[in-house]
Amino acid sequence: MTLTDAKQRLRLWFDRDHRWMSVPVTIAALLVLVVLVKSCQGLAYYHSDEGKIYRLGYPIEDARLLASTLSGEQIDSLIARGEHDTIAIPVINGRYFIARNFDRYLAYHKRDTTGATVEDIIAVVNVGLDRDREDSAMPCDTSKGQLVLVNGRHYLDENYKPDNLKPFTRTYCYEDQKAHQDAVDAFIKMQQECKRQTGCHLMVNSAYRSYQDQQGTYKRNDKRYVAHPGFSEHQTGLAIDATSLQHSEKWSFGKSKEGIWMRENCHKYGFILRYPEERSRLLHYSYEPWHLRYVGVETATRIHDEGITFDEYYAFYLDNRY
């Protein structure tokens, strides 16, 4: 064997030995790398919003949902509470949950002494009943047209007057009345069908009232049942107080056959019973079986089918912005 052959054999042996020796070293290096990556991931998760929420006691799935749903400010507020709030996940999963109202849901639940359900908490907050009326009053958004919201917290300017007012003929009202032309046309169709089915003749007791008219109405009547000037739907021309030739007593009108028929069928003509008895706790005014509000057939049908008020509909479907 020559010296060259020996060198070649030694090189082959070394390369082979080095190759086999590198396997455990490589495995060890990979294990160290995995540990380092996991440690970095764990550290990142610890400092993430989800990790901070998880350490409050929320299950990991709930922590993930809260972190992905809430704004940064809301997450900071939730973490600052330093406790697991049992109402947090139920309200997020609620049908009419509005993200921007999350903190108010928790605050209302914390001070509630009535045992309000999740549905009630969401509804009360969405329609603004968790706030003082004086502190939350704001101008109506008249750009919503026929879906403008007027209630105890949303008011119209004293100079506001709707377009497209149309008078009722005396066949349908006791004295001169007018309303938005769509409301007039819809009421006439409804009146005719009610008469065909029940034999009763629906009438308009009151419809459009200007700001100045409402001032007079407010002065003459019980303040518990009459809106302040500017806070009345009648100023929109979209509200109608109904009665009938057969039953003119307004407080028992809802129990008359025409009152029952109107409540069950008015949505087919674009009207809603604005202040229903079963949802009166969520409204700024008490139950009024005679008070109709025109919103169009599509909206009226959805409100009827879902069993909600116009205030709830407006908050969730029209004003649900983050």
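What comes next concerns the included structure. (Residues numbered from 1 in each chain as written. Predicted model: local features only at pLDDT ≥ 70, side-chain atom pairs only at ≥ 80, totals over all residues. Heavy atoms only, no water.)

**Brief notes about the pairing of strand S6 (residues 239–244)**
The two faces of the sheet receive side chains in turn, since in a regular strand these alternate between them. In plain terms, the rule: When accessible area is computed with a 1.4 Å probe and restricted to protein chains, residues below 20% of their type maximum are described as buried, those above 50% as exposed, and intermediate ones as partly exposed. For helices the rule is a DSSP run of H or I covering at least 4 residues; for strands it is a run of E covering at least 2, with both sets numbered from the N terminus onward. In short, DSSP must find at least two bridges between two strands for them to pair.
Burial analysis of S6 places six of its six residues in the buried class, which makes it a mostly covered element. Of the two faces of S6, the one lined by Ala239, Asp241 and Thr243 and the one lined by Ile240, Ala242 and Ser244 are each fully buried. The pairing of strand S5 (residues 202–206) with S6 spans four bridges and is classified as antiparallel. Bridge pairing in S6 links Val204 to Ala242.

**Focus: the sheet that holds S5**
For clarity, the cut-off: To get an axis, fit a line to the C-alpha atoms, keeping to the stretch in contact for a helix; angles then go from 0 to 180 degrees between the N-to-C directions.
The sheet built from four strands is open, its strands ordered S5-S6-S8-S7 with antiparallel pairing. Pairing within the sheet leaves two strands with one partner each, and these edge strands are S5 and strand S7 (271–275). On average, adjacent strands in this sheet sit at an angle of 50° to one another, irrespective of strand direction. With three bridges joining them, S6 and strand S8 (residues 288–294) adopt antiparallel strand pairing. Bridge pairing links Ala239 to Arg293 in S8.

**Regarding the side chain of Ser256**
As a reminder of what qualifies: Polar contacts here mean pairs of N or O atoms no more than 3.5 Å apart (in protein, one a potential hydrogen donor and the other a potential acceptor; neighbouring residues in sequence count only if both atoms are side-chain atoms).
Among the secondary structure elements, Ser256 is positioned in the loop between S6 and helix H11 (257–265). Taking relative accessible area as the criterion, Ser256 reaches 7% and is therefore assigned buried. Here Phe253 takes part through its backbone oxygen, which lies 2.6 Å from a polar atom of the side chain of Ser256.

**Regarding unusual backbone geometry**
Notably, Asn164 is not glycine yet its phi reads approximately 60°, a positive angle. Residue position: Asn164 is located in the loop between strand S2 (154–155) and strand S3 (165–167).

**Some words on the environment of Asn320**
Definition in use: Contacts: residue pairs with any heavy atoms within 4.5 Å of one another.
The residue Asn320 is located in the segment after helix H13 (310–318) in this model. Owing to a relative accessible area of 37%, Asn320 belongs among the partly exposed residues under this scheme. For the pair Asn320 and Arg100, spaced 220 residues apart in sequence, the C-alpha separation works out to 8.4 Å. With sequence-adjacent residues up to four places away left out, Asn320 is seen in contact with Phe97, Ile98, Arg100 and Ala315.

**Here's the deal with the packing of aromatic side chains**
The cut-off we apply is this: Pairs were defined over the aromatic rings of Phe, Tyr and Trp, the Trp ring being its six-membered one, requiring ring centres within 6.5 Å. Orientation was assigned from the angle between planes: stacked under 30 degrees, edge-to-face over 60, tilted for the rest.
Using the criterion set out here, one finds 11 aromatic pairs in the structure. Here the aromatic rings of Trp251 and Trp290 are separated by 4.9 Å at their centres, their planes lie at 90°, and the arrangement is edge-to-face. Separated by 39 residues along the polypeptide, Trp251 in the loop between S6 and H11 and Trp290 in strand S8 bring together distant segments of the chain. Residue Trp251 is classed as partly exposed on the basis of its relative accessible area, which comes to 42%. An angle of 85° between the planes, with centres 5.0 Å apart, marks the rings of Phe316 and Tyr317 as edge-to-face.

**Considering the packing of helix H6 (residues 102–111) against helix H7 (residues 118–126)**
Inclusion rule: Crossing handedness is read from the near helix: turned anticlockwise from the far helix by less than a right angle, it gives a left-handed crossing, and turned clockwise, a right-handed one. Residues were grouped as follows: Ala, Val, Leu, Ile, Met, Phe, Trp, Tyr, Cys and Pro as nonpolar; Asp, Glu, Lys and Arg as charged; and all remaining residues, including Gly, as polar.
Where H6 meets H7, the closest approach of the two axes is 9 Å, and the angle between their N-to-C directions is 120°. Two packed elements cross with a definite hand, and for H6 against H7 that hand is right-handed. In contact with Arg104, Tyr105, Tyr108 and His109 of H6, H7 contributes Ile121, Ile122, Val124, Val125 and Asn126. For the contact of H6 with H7, the class distribution of residues is six nonpolar, two polar and one charged.

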